[in-house]
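Chain by chain, the residues:
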Number of protein chains: 2
Amino acid sequence: MKEIIIKEVNYDEENYAHFGTKFLIGNGYMGVRGSMEEYGAKHMPAVNIAGVYNQASSEKWRESLNAPNPFFIRLKIDGEELSLPNSSDKVVFHEQSLDITKGIHVRKTIFKTAKGNVTVETERFAGMTHFNALALKYSVTADYDCVSSITSGIDGEVWDINGPHFVNFEVEENSVKGICENGVSVMTSAKGVPFGDMIGTKSANEEKTAQNIISFNAKKDAAFGLTKVAFVQTSIDEKISKEPQKPNFLLKYDTLLEEQKQYWKDFWQENFVEIEGDEKAETALNYSIYSLQIIAPRHANALSIPARGLSGQVYKGAVFWDTDMFMLDYFILNDPETAKILLKYRVDGLKGALEKADREGYNGAFYAWESHEDGIEACSKFNVTDIFTGRAVRTYFDDKQVHISSAIVYGIKKYIKLTGDTSILFEGGFDVIVECANFYLSLLTSRVFPKMGEPRKLEILDVVGPDEYHERVNNNAYTNRMAKFVFEFTLEVLDLAKKETKKDSPLLPFPEVLNDLKNGLKKIIPDMIDFAVNDEGVIEQFDGYFDLEDVSVDVVRSRLKDPREYWGGSNGVAYPTQIIKQADVVTMLAMFKDEFEKEIMKANLDYYEPRTEHGSSLSACMYGLLQCFCGMPDTAYPMFLKSAEVDLAAPKKLWAGGIYIGGSHPASWGGAYQMLVYGFAGLKHNKDQKSKGKPNISFDPHLPKHWKSISFHLTIQGKKYKAKITHKKVVFDEVKI
Amino acid sequence: MKEIIIKEVNYDEENYAHFGTKFLIGNGYMGVRGSMEEYGAKHMPAVNIAGVYNQASSEKWRESLNAPNPFFIRLKIDGEELSLPNSSDKVVFHEQSLDITKGIHVRKTIFKTAKGNVTVETERFAGMTHFNALALKYSVTADYDCVSSITSGIDGEVWDINGPHFVNFEVEENSVKGICENGVSVMTSAKGVPFGDMIGTKSANEEKTAQNIISFNAKKDAAFGLTKVAFVQTSIDEKISKEPQKPNFLLKYDTLLEEQKQYWKDFWQENFVEIEGDEKAETALNYSIYSLQIIAPRHANALSIPARGLSGQVYKGAVFWDTDMFMLDYFILNDPETAKILLKYRVDGLKGALEKADREGYNGAFYAWESHEDGIEACSKFNVTDIFTGRAVRTYFDDKQVHISSAIVYGIKKYIKLTGDTSILFEGGFDVIVECANFYLSLLTSRVFPKMGEPRKLEILDVVGPDEYHERVNNNAYTNRMAKFVFEFTLEVLDLAKKETKKDSPLLPFPEVLNDLKNGLKKIIPDMIDFAVNDEGVIEQFDGYFDLEDVSVDVVRSRLKDPREYWGGSNGVAYPTQIIKQADVVTMLAMFKDEFEKEIMKANLDYYEPRTEHGSSLSACMYGLLQCFCGMPDTAYPMFLKSAEVDLAAPKKLWAGGIYIGGSHPASWGGAYQMLVYGFAGLKHNKDQKSKGKPNISFDPHLPKHWKSISFHLTIQGKKYKAKITHKKVVFDEVKI
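As the structure is a prediction and not an experimental result, all values here were calculated from the model.

Asks: Where do I start with the overall build of chain A in this structure?
Replies: On a plain count of helices and strands, chain A comes out with 18 helices and 30 strands. Relative to the compact-globule value of 27 Å for 737 residues, chain A shows a C-alpha radius of gyration of 27 Å, a close match. Over its C-alpha atoms, taken along the principal directions, chain A stretches across nearly 90 × 60 × 55 Å. The burial tally for chain A puts 64% of its 737 residues in the buried class.

Structure representation (structure tokens):
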């Protein structure tokens with residue numbers, strides 16, 4: 001297997017936020033930003049913990065927690081501190097790299113001092129075999145004799161966006177515990193093992209920091225430094241993790257490193273995607289796969305992936321529809337166990353969803369737009385800051401983006417179809433689906449006296465569709481279709497329930513209720529408004545969309561008075577125009593491609609693409625998918641690259657309405673993966689066709705011209721297959737394990 | 001009868017806009033701002049024409065037209081120009097006054113020149129007996145011999161807000177005709193008649209201005225100058241006016257002056273309101289009556305009064321609910337003929353209202369929020385400018401302020417009840433009412449599956465109530481109640497139709513349609529949502545209002561970053577809070593006072609008053625009215641004074657979201673009048689009580705403590721009465737004419 005290394009040469013302080021994201025390591029339990037070891041909170045280092053949240057005060061947003069940072073190191077040579085960015089004028093060489101084939105982050109910096117060169121080399125990784133473990137090797141070499149001290153700390157002064165979260169600290173010799181107001185705590189423990197000519201070591205703990213100063217008598221060209229194995233624990237590990245772990249200081253750095261290498265070697269054996277003829281695309285896609293893997297909550301019973309992965313508190317560390325609609329497919333097709341963990345997170349979130357629906361005046365389950373533990377809604381009703389007044393602006397993401405519940409159901413459907421495993425239904429999935437159906441039923445309204453000459457229809461009013469720039473619209477095509485899908489799929493699983501009745505679902509003892517629902521849904525579905533279509537076959541995104549100003553993205557952009565302005569909301573530049581943030585109608589077409597003629601899909605691509613700002617990383621992949629479905633792989637190719645390279649390329653948009661939205665883009669990686677398998681390879685799940693022993697799938701490949709072949713593994717309905725696809729041929733075989 | 005003179009002493013250039021409004025003269029056909037004669041367009045002089053509109057370009061708003069200004073005068077003494085504001089450093093005395101008892105505007109300015117004092121005195125008025133006529137006397141006296149020239153012009157370079165409207169000019173010796181793109185034209189003709197030691201006169205016309213330079217050889221202390229009788233004509237006079245008039249240069253200034261004085265003498269004989277014990281209140285209320293009288297469209301067949309009267313193009317010279325809800329009562333009770341002209345304007349507007357409803361997706365009649373001729377909607381969907389970006393902001397005044405149609409019906413109801421005249425029903429009024437009912441029927445929606453435990457109700461969603469700061473709300477208490485009122489009143493007039501069938505109404509030939517409507521309305525009314533009430537009896541303004549931030553007006557004001565910011569819309573300071581622009585629930589309570597206990601009214605006054613910014617001049621009078629109904633006349637008194645003095649006091653708010661909103665406030669004058677008769681005097685229309693010869697009204701007076709008595713005339717059901725009310729006694733007698 002190839003080695004893939006992502007690299008940046010030369011020190012570039014400006015890009016610290018971007019590199020923190022690009023060089024992320026992690027293991028699903030936590031993510032560690034690719035920041036320099038000596039960086040303090042200002043430069044946004046983070047050991048971001050999955051699924052552990054806190055709200056610092058009622059004025060501030062809830063968000064995920066960052067653990068005390070065990071990688072914090074400061075170096076002195078002959079009394080002079082050498083650190084970035086302070087000593088950047090002394091840097092003669094700097095390189096930061098990530099070997100995704102081994103899951104190891106490496107750094108090398110050479111400082112030129114008055115006496116000569118000092119080389120700092122670090123190597124670090126997050127344990128894939130020990131979920132609570134992090135490891136660092138910090139090595140220094142000077143090309144002259146010197147006296148050096150290395151301060152190795154666990155820094156409790158963490159970077160917080162809506163913090164500080166820790167109001168109390170327990171600092172001990174080798175650990176820092178940060179404790180939140182509500183009692184939730186995160187503890188980092190770490191022991192350094194020095195190497196080289198050590199003089200001595202002394203403890204120098206501070207209020208929030210446990211640290212040791214290690215002195216060295218360093219000979220010319222002799223390496224010195226330390227290795228460090230750290231452990232992170234939280235007060236809710238018992239609740240979240242399958243097998244919670246304790247610190248184990250007997251675990252050696254080298255042992256862990258060997259295990260790490262073996263894990264990734266095994267992983268890539270089965271997960272590497274080969275794209276013959278396009279190294280750039282191959283690198284980007286495998287980087288996407290790496291990135292999804294390091295945030296997969298394999299350690300947990302039921303947990304999901306935040307919209308910005310584990311790259312920090314951006315977007316509150318909350319789980320969005322990104323997981324269910326964009327990332328889930330990768331896990332379903334490669335790691336169904338993790339896919340089920342993601343779905344079980346939604347089962348656990350039903351409680352919060354029922355409460356939210358009730359709070360907002362509806363029945364059933366209205367899932368959190370920004371989900372925290374137990375489905376708690378983290379989305380503020382004021383989610384954007386007016387850049388000119390500094391005031392929070394009322395937004396409608398949480399209370400009007402009602403399509404979120406349908407994404408959960410859509411996720412369950414995909415899982416069941418592609419894995420063939422219906423167990424999730426009997427572990428709470430039935431309840432999720434039925435309650436989502438109840439929710440959409442309670443959203444349906446009807447005019448008592450429709451406009452003369454028009455039929456009486458069931459409408460869904462006052463929503464926000466995927467295109468968030470247009471708030472509070474009526475009959476969003478995507479939302480209406482997805483609501484109908486929920487009804488349709490509910491009918492399907494009700495039939496399934498009859499066949500496979502088990503006793504786990506609390507709803508099943510009441511067949512008459514389910515029958516009522518079934519009959520009700522059958523009556524309602526035909527009366528629902530789908531969407532309006534113009535003479536060219538273009539579907540109107542929502543009522544009145546075609547009446548909005550029809551103007552180019554560039555013109556709309558030129559109306560900005562400040563690049564940080566929010567485009568949406570009623571004062572935003574996009575709002576009065578047809579310019580949309582992201583794929584909306586196109587996402588609907590991609591989801592329901594079998595219902596539409598290619599001409600219709602093309603007409604909508606042609607219409608909407610030039611009107612899309614692609615202000616969301618969820619946009620390009622949906623356009624790309626639909627372009628593939630229309631047999632235009634070369635048109636789709638740039639969309640694929642854009643999606644897969646989202647965090648490799650220079651960052652585009654770090655601000656929206658005054659809010660920092662940097663961080664990684666897992667949905668975009670997942671979208672790139674979907675483009676590969678559903679788009680270019682043309683993987684299709686065929687409803688009816690079933691032949692013995694073979695899974696009911698097929699391929700209808702459309703490769704970009706310059707690609708020779710693609711090869712990848714897939715797990716379908718419990719069996720592993722390997723596919724190799726060229727322009728002319730599909731080879732698809734079961735892999736015996 | 002007393003003389004009431006409004007006066008300002010000392011020249012104050014800053015206040016030119018305010019004084020232009022305060023010293024307005026007019027006659028219903030046109031209003032003339034109280035600007036100095038020498039003012040050019042920059043200082044906003046205007047001869048604002050009623051009911052004549054134009055749109056200069058598709059980028060600009062439609063608005064009423066200003067006629068070429070015949071009062072334009074410039075003065076030179078010994079070659080030196082004396083004019084304001086240029087010569088303001090030479091002003092030793094300045095006084096501007098308006099004798100409302102005679103309808104005459106007077107000005108006196110003394111300039112000190114190197115040689116002595118020059119006194120300019122002017123007198124001007126708008127003909128109440130000749131609707132197209134304006135008159136000016138311009139008189140100069142110097143206390144030394146001098147040579148003088150007076151340039152007397154008709155200035156076609158008019159002040160326009162969304163102009164220029166005139167694209168062509170026809171300038172002749174004594175007239176200027178301005179012609180719009182669409183062919184509509186306005187012509188002003190005027191002849192000056194010089195007096196004093198004239199040397200000669202010569203024509204000096206310019207492209208847009210007809211002017212004569214008159215030279216004088218002026219002796220010390222001898223007056224010289226000119227009188228000027230001017231006539232305004234428009235190309236649509238035939239359509240608008242009962243008796244269109246032509247210029248008549250035989251009409252002498254002095255003759256017109258005598259007629260003017262007699263008109264106002266007769267007028268005040270029957271319309272003066274005496275408030276014994278409070279000269280300030282008496283002056284303000286009679287100023288309000290004067291102000292309503294000079295904008296009453298007595299000359300017209302069917303015409304209404306713009307929200308800013310005839311004080312300029314502010315608010316586009318458009319007609320709002322202000323007329324029907326606030327001003328109409330004064331005319332009903334004093335000049336029913338004019339009241340009917342105002343209602344017939346709405347009958348003519350039905351065409352536009354049907355078109356608007358159709359355009360917006362509804363049935364029936366959706367009246368224009370800002371009405372121009374034939375009910376054309378002048379309200380832009382972008383009615384506010386974001387002060388920080390300079391961009392137009394999408395507002396929902398025209399498409400969501402659906403309560404406008406109910407105001408029209410409410411106006412018709414008041415007219416019929418208080419005049420006893422049902423003729424308007426048979427001149428199109430029936431159609432208006434039934435189409436408004438159809439409109440509200442088509443607004444009703446219902447949830448297919450209401451929230452569990454809640455009854456299925458008919459709702460009106462997505463509206464803007466009187467409080468415009470909160471856009472797009474659901475179930476606004478005022479709107480819902482008014483819609484129900486329209487249904488109720490429709491049932492009443494359908495019964496009336498049966499009794500008094502005449503052949504004029506196109507609907508009457510179809511009794512079965514009306515029967516269907518009747519049965520439908522009867523079924524629907526009980527299922528309508530009225531409003532939610534909390535434990536204290538406070539009615540929730542709209543769904544979710546009580547959940548908004550509860551904070552004081554001062555705190556909200558302190559959040560402004562610019563005093564010109566718009567408080568409403570989703571980026572405005574008031575939007576996320578309970579702070580409202582104006583009476584909303586309170587207006588509803590005032591309109592339907594007989595349905596509520598006093599305790600409920602009080603609870604709502606106590607709750608809403610501190611939460612009201614009173615950012616609209618329609619607010620104070622509604623609070624005042626309800627306070628009177630609660631028996632609190634002394635609490636109500638400041639509201640009364642605020643309403644009556646709205647244009648006498650210093651101007652409060654000249655800008656809203658970057659839009660100039662100065663100009664006069666007729667609705668506030670009408671509101672003050674309503675407070676007097678309905679509030680303090682307690683005039684009540686009693687539905688059932690009828691005794692022979694007596695009108696079915698009664699008085700339940702609550703005078704402010706310091707008032708001794710009030711006396712006024714009223715016309716009720718065709719008869720004129722005089723009322724004198726003290727704290728202890730009501731005397732109410734018919735006046736034989």
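From this point on, the discussion continues.
Asks: Looking at this structure, how should I read the relation of the copies chain B and chain A?
Replies: Each of the two chain copies can be generated from the other by rotation about an axis followed by a shift along it. Of the transformation superimposing chain B on chain A, the axial component is 0.0 Å and the angular component is 179°, with the fit at an RMSD of 0.0 Å. Taken together, these values place the two copies in the relation of a two-fold axis. Taking the C-alpha atom as reference, chain B places S446 of chain B closest to the rotation axis, 2.8 Å from it. Here 100% of the interface residues in chain B have copies in chain A that are interface residues too; the copies meet face to matching face.

Asks: Before we go on, may I ask you to explain the interface of chain B and chain A in this structure?
Replies: It is common to report an interface's size as the accessible area lost on association of the parts. With 40 residues of chain B at the interface, the matching set in chain A holds 40 residues. Across the chain B-chain A interface, the total number found is 4 salt bridges. Inspection of the region where chain B meets chain A yields 25 residue pairs in polar contact (both at pLDDT 80 or more). Mapped onto the side of chain B that touches chain A, the elements with two or more residues apiece are α10 (429-443) and β22 (444-447) of chain B. When the residues that make up the side of chain B that touches chain A are grouped by side-chain class, the tally is 18 nonpolar, 10 polar and 12 charged. In the sheet, strand β22 (residues 444-447) of chain A pairs with β22 of chain B via 3 bridges, with the strands oriented antiparallel. For R447 of chain A, the partnering residue across the bridge sits in β22 of chain B and is T445 of chain B.

Asks: Could you clarify how one ought to interpret the packing of helix α5 (residues 321-334) of chain B against helix α6 (residues 336-348) of chain B in this entry?
Replies: A pair of packed helices can be characterised by two numbers: the angle between their axes and the separation between those axes. Residues and elements named next belong to chain B. In contact at an axis separation of 7 Å, α5 and α6 are set at 150° when each is read in the N-to-C sense. In terms of orientation, α5 lies roughly antiparallel with respect to α6. Residue-level inspection shows W321, T323, D324, L328, F331, I332 and N334 of α5 in contact with α6, the latter providing P336, T338, A339, L342, L343 and R346. Across the contact of α5 with α6, the residue classes tally to 8 nonpolar, 3 polar and 2 charged.

Asks: What am I meant to see in the pairing of strand β30 (residues 730-734) of chain A here?
Replies: Remark: a regular strand shows side chains that alternate across the two faces of the sheet. All names here are of chain A. Pairing between strand β29 (residues 719-726) and β30: 5 bridges, direction antiparallel. Each residue of the ladder has a partner; that of I725, found in β30, is V730. Counted between consecutive antiparallel strands, the loop separating β29 from β30 contains 3 residues.

Asks: Please explain unusual backbone geometry as it appears in this structure.
Replies: With an omega dihedral of 0°, the bond running from G163 of chain A to P164 of chain A counts as a cis peptide bond. Within the secondary structure, P164 of chain A is located in the loop between β12 (146-155) and β13 (166-172). Between L84 of chain B and the following residue, P85 of chain B, the backbone shows a cis peptide bond with an omega angle of 5°. As for its placement among the helices and strands, P85 of chain B is situated in the loop between β7 (80-82) and β8 (91-99). We note that R472 of chain B has phi near 60°; this positive angle belongs to a residue other than glycine. With respect to the helices and strands, the residue R472 of chain B is situated in the loop between β23 (459-460) and α11 (477-499). In this structure R472 of chain B comes out as buried when scored by relative accessible area, which is 9%. A positive phi is found at Q717 of chain B, a non-glycine position, where the angle reads about 45°. Here Q717 of chain B lies in the loop between β28 (709-716) and β29 (719-726). Among the residues examined, Q717 of chain B registers a relative accessible area of 27% and is labelled partly exposed.

Asks: Explanation requested: the sheet that holds strand β15 (residues 185-195) of chain B in the structure shown.
Replies: Strand pairing in a sheet relies on backbone hydrogen bonds. The paired strands run either parallel or antiparallel. Residue and element names in this part refer to chain B. Judged by pairing direction, the sheet is antiparallel, and its 9 strands sit side by side in the order β1-β8-β9-β10-β11-β18-β15-β14-β13 without closing on themselves. Of all the strands in the sheet, just β1 (5-9) and β13 (166-172) have a single pairing partner and so form its edges. On average, each strand axis in the sheet is inclined to that of its neighbour by 15°, with strand direction left out of account. Inspection of the sheet shows β15 paired to strand β18 (residues 224-234) by 10 bridges, in the antiparallel sense. Bridge pairing in β18 places M187 opposite Q233. Together, β9 (104-112), β10 (117-126), β11 (133-142) and β18 form the strand contacts of helix α3 (residues 253-271), whose direction differs from that of β10 by roughly 60°.

Asks: Would you explain the sheet that holds strand β19 (residues 274-276) of chain A in this entry?
Replies: All names here are of chain A. Judged by pairing direction, the sheet is antiparallel, and its 4 strands sit side by side in the order β19-β28-β29-β30 without closing on themselves. With one partner strand each, in any of the chains shown, β19 and β30 form the two edges of the open sheet. Neighbour-to-neighbour, the strand axes of this sheet turn through a mean angle of 20°, independent of strand direction. Sheet strands in contact with helix α5 (residues 321-334) are β28 (709-716) and β29, and its direction is about 75° off that of β28.

Asks: I'm lost on the packing of aromatic side chains in this one. Help?
Replies: Within a pair of aromatic rings, the relevant descriptors are the distance that separates the centres and the angle that separates the planes. Residues and elements named next belong to chain B. What the rule picks out here adds up to 89 aromatic pairs over all chains. With a centroid separation of 5.9 Å and an interplanar angle of 75°, the aromatic rings of W268 and F272 are classed as edge-to-face. The two residues W268 and F272 agree in class, both being buried. On the numbers, 5.4 Å between centres and 75° between planes, the contact of F640 with F680 is edge-to-face. Here F640 is found in helix α17 (residues 633-644), whereas its partner F680 is found in helix α18 (residues 666-680), with 40 residues between them in sequence. Accessibility classification places F640 together with F680 in one group, the buried group. Cation over ring: K137 sits above F195, and NZ or CZ is 5.8 Å from the ring centre. Above the face of the F592 ring, R481 is positioned so that its terminal group lies 4.1 Å from the ring centre.

Asks: So what exactly am I meant to see when it comes to the nonpolar core here?
Replies: Across soluble globular proteins, nonpolar side chains have a tendency to be buried as a group. If you look at the biggest cluster of nonpolar residues, it comprises 225 residues, and the most contacted ones within it are F640 and F712 of chain B. Among the elements that line this core, the one with the most residues is α11 of chain B, at 13 residues. Residue contacts for F640 of chain B: discarding those within four places in its chain leaves I275, A281, L285, A672, M675, L676, F680 and W707 of chain B. By size, the runner-up hydrophobic cluster in this structure holds 223 residues, among which are I214, F485, V573 and A590 of chain A.

Asks: Sorry if this is basic, but what is going on with the packing of α5 of chain A against helix α9 (residues 404-419) of chain A here?
Replies: All names here are of chain A. Across the interface, α5 lies against α9 with an axial gap of 8 Å and an inter-helix angle of 10°. One way to sum up the angle between α5 and α9 is to call them roughly parallel. For the pair α5 and α9, contact is made by W321, D324, M325, L328, D329, I332 and L333 and by I404, A407, I408, Y410, G411, K414, Y415, L418 and T419, respectively. Among the residues forming the contact of α5 with α9, the class breakdown is 11 nonpolar, 2 polar and 3 charged.

Asks: Is there a simple way to think about the pattern of salt bridges in this case?
Replies: Think of it this way: side chains of opposite charge can pair up when their charged atoms draw near. If you walk through the whole model with that rule in mind, you get 82 salt bridges over all chains. Between K484 of chain A and D530 of chain A there is a salt bridge, and its shortest N-O distance comes to 3.0 Å. One end of the pair, K484 of chain A, is in helix α11 (residues 477-499); the other, D530 of chain A, is in the loop between α12 (511-524) and α13 (553-558), with 46 residues separating them in the sequence. Residue K344 of chain B is joined to E427 of chain B by a salt bridge in which the shortest nitrogen-to-oxygen separation is 3.4 Å. A residue pair is termed long-range when its members are at least 10 positions apart, and K344 of chain B in helix α6 and E427 of chain B in the loop between α9 (404-419) and α10 qualify at 83 residues. Given a relative accessible area of 31%, E427 of chain B falls into the partly exposed group.

Asks: Help me understand the state of the cysteines, please; the structure alone is not making it clear to me.
Replies: Working definition: the covalent bond between the sulfur atoms of two cysteines is a disulfide. Summed over the entire model, instances satisfying the criterion amount to 0 disulfides over all chains. For C628 of chain B, which is in no disulfide, the shortest distance to another cysteine sulfur is to C630 of chain B and amounts to 9.4 Å.

Asks: Help me understand the pairing of strand β14 (residues 175-180) of chain A, please; the structure alone is not making it clear to me.
Replies: All names here are of chain A. Among the 6 residues in β14, 5 count as buried, and that is most of the element. Two strands pair when backbone bridges link them, and β13 and β14 are joined in this way by 6 bridges, in the antiparallel orientation. Residue E172 lies in a different strand from β14, and its bridge partner there is S175. As judged from the 5 bridges shared by β14 and strand β15 (residues 185-195), these two strands associate in the antiparallel manner. By the bridge assignment, K177 is partnered in β15 with M187. The antiparallel hairpin formed by β14 and β15 contains 4 residues in its connecting segment, where G183 sits at a positive phi of about 95°.

Asks: Is there a simple way to think about helix α7 (residues 350-359) of chain A in this case?
Replies: One full turn of an α-helix is made of 3.6 residues, so residues set three or four places apart face in the same direction. All names here are of chain A. Among the residues making up α7, those that are buried are L350, G352, A353, K356 and A357. Down the axis of α7, the smallest arc covering the buried residues is 155°, so these residues share one side. Residues K351 and R359 are exposed on α7 and point more than 90 degrees away from its buried face. Each element contacted by the buried residues of α7 is listed here: α6 (336-348), α8 (397-400) and α10 (429-443). Looking at the residues trailing α7, positive phi occurs at G361, about 90°.

What counts and how
- Residues numbered from 1 in each chain as written.
- Chains lettered and ligands numbered in written order.
- Predicted model: local features only at pLDDT ≥ 70, side-chain atom pairs only at ≥ 80, totals over all residues.
- Heavy atoms only, no water.
- Helix = DSSP H or I, 4+ residues; strand = E, 2+ residues; numbered from the N terminus.
- Rg over C-alpha atoms; globule rule 2.2 N^0.38 Å.
- Buried < 20%, exposed > 50% of the residue type's maximum accessible area, 1.4 Å probe, protein only.
- Least-squares fit on C-alpha atoms with pLDDT ≥ 70 in both.
- Contact = heavy atoms within 4.5 Å.
- Salt bridge = Lys/Arg side-chain N within 4 Å of Asp/Glu carboxyl O.
- Polar contact = N/O pair within 3.5 Å; in protein donor to acceptor, adjacent residues only side chain to side chain.
- Nonpolar A, V, L, I, M, F, W, Y, C, P; charged D, E, K, R; others polar.
- Pairing = 2+ DSSP bridges.
- Axes fitted to C-alpha atoms, helices over the stretch in contact; angles between N-to-C directions.
- Parallel < 35°, antiparallel > 145°, perpendicular 65-115°, else oblique.
- Phe/Tyr/Trp six-rings, centres within 6.5 Å; stacked < 30°, edge-to-face > 60°.
- Lys NZ or Arg CZ within 6 Å of the ring centre and 35° of its normal.
- Core = buried A, V, L, I, M, F, W, Y, C linked by side-chain atoms within 4.5 Å.
- Disulfide = S-S within 2.5 Å.
- Arc of directions from axis to C-beta.

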